[in-house]
Amino acid sequence: MGTVIMHSVVSVDGFIADKNDEVGPLHDWYFNGDVPITRSDDEQYDHSGSGSGIKVSHASAEYVGSMWASIGAIVMGRNLFDLVNGWEGRPPAGDHVVVVSHRPKPEGWHPEASYHFVDGVTAAIDKAQDLAGDRIVAVNAGEAGGQILAAGLVDEVAMDVVPVIFGSGKRYFGDIDAQHLLENPHVIIQGEGVLHLRFKVRR
């Protein structure tokens, strides 16, 4: 089975969005460089929702490109799914998406897309690992991600830290209320307007 990595862009004080789910300057670094990040079919990745491709700094390009290319499935919460309408059935990376939700997939929503709605975090990770095979399962940070970490199902924590302080908003680890130890970061890459960090979860 592939590694389960909890991942998101995050402010210095630990927020992935403000209280209105706006990301502010957190994603600016996706577009401040001159190196396009493309899929294996040479199509550019698009995290903007506007059709503009990702172009990052040289320092970020190798890390971001290899990370996204290794993703087989994404696990996300229902709130994010609703906010982005599931990226219209086209995930920003990987081939499959598992949505942690008590509600089913909206009727008639992109039937061609490999999106699976699962009630419960353990079942969600099991499904995502089955779909991803040996590739990475990327868990979106936030409430669902925090629950998956608390359940002991996350192998690594990846943070793209942006130099901004939000003060309040949606936390990277959601409402997690217990201590979890991480190893020293095994990835530290200084990009333009972002610091890429990866930590293994201590068992």
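See above for the structure.
Caption draft 1: Geometry of the overall build of the protein. A tally of regular secondary structure across the protein gives four helices and twelve strands. Relative to its length of 203 residues, the protein is compact, with a C-alpha radius of gyration of 16 Å against a globular reference of 17 Å. Expressed along its principal axes, the backbone C-alpha trace of the protein runs to roughly 40 × 40 × 35 Å. Put simply, the protein has 203 residues, and 45% of those count as buried.

Caption draft 2: Inspection of the environment of Glu88 at higher detail. Locating Glu88 in the fold gives a position in the loop between α2 (78–84) and β6 (96–100). Assessed through its relative accessible area of 43%, Glu88 is described here as partly exposed. In this structure, the C-alpha to C-alpha distance between Glu88 and His110, residues 22 residues apart in sequence, is 7.3 Å. Residues in contact with Glu88, not counting those within four places in the same chain, are Trp109 and His110.

Caption draft 3: Molecular detail of helix α4 (residues 143–150). Inspection of α4 places Ala144, Gly145, Gly146, Ile148 and Leu149 among the buried residues, and these make up the whole buried set. The secondary structure elements touched by the buried residues of α4 are β1 (4–11), β5 (71–77), α3 (121–132) and β8 (136–140). A positive phi of about 75° marks Gly152, the residue just after α4.

Caption draft 4: Focus on the side chain of Ser8. Relative to the helices and strands, Ser8 is located in strand β1. If we skip the residues at most four places from it in the chain, Ser8 touches Ile16, Ala141, Ala158, Met159, Asp160 and Tyr172.

Caption draft 5: Layout of the nonpolar core. Grouped together as the largest cluster of nonpolar side chains are 34 residues, with contacts concentrated most on Trp29, Trp68 and Tyr115. Put simply, the parts of the chain that give this core at least two residues each are β1, α1 (58–69), β5, β6, β7 (115–118), β8 and β9 (156–162). Take this core: its biggest share by element is five residues, from α1. Val10, Ile125, Val137 and Leu197 belong to the second-largest nonpolar core, a separate cluster that totals 27 residues.

Caption draft 6: Expanded view of the pairing of strand β12 (residues 195–200). Here six bridges tie β9 to β12, and the two strands are oriented antiparallel to one another. When the sheet's bridge partners are listed, Asp160 is paired in β12 with His196. Summarising the sheet, strand β11 (residues 187–190) and β12 pair through four bridges and their orientation is antiparallel. Each bridged residue has a counterpart across the sheet, and for Val187 the counterpart in β12 is Arg198. Connecting the antiparallel pair β11 and β12 is a turn made up of four residues, with Gly193 showing a positive phi of about 80°.

Caption draft 7: Structural context of the packing of aromatic side chains. Going through the model one piece at a time under the given rule, you end up with eight aromatic pairs. Between Phe81 and Trp109 the ring centres are 5.0 Å apart and the planes differ by 65°, which places this aromatic pair in the edge-to-face class. Of this pair, Phe81 sits in helix α2 while Trp109 is found in the loop between β6 and β7, placing the two residues 28 residues apart along the sequence. Their ring planes at 65° and their centres at 4.9 Å tell us that Trp109 and Tyr115 sit as a pair that is edge-to-face. The same class applies to Trp109 and to Tyr115, which are both buried. One aromatic cluster is present, formed by Trp29, Tyr30, Phe31 and Trp68 through successive ring pairs.

Scoring rules and cut-offs
Residues numbered from 1 in each chain as written. Predicted model: local features only at pLDDT ≥ 70, side-chain atom pairs only at ≥ 80, totals over all residues. Heavy atoms only, no water. Helix = DSSP H or I, 4+ residues; strand = E, 2+ residues; numbered from the N terminus. Rg over C-alpha atoms; globule rule 2.2 N^0.38 Å. Buried < 20%, exposed > 50% of the residue type's maximum accessible area, 1.4 Å probe, protein only. Contact = heavy atoms within 4.5 Å. Core = buried A, V, L, I, M, F, W, Y, C linked by side-chain atoms within 4.5 Å. Pairing = 2+ DSSP bridges. Phe/Tyr/Trp six-rings, centres within 6.5 Å; stacked < 30°, edge-to-face > 60°.

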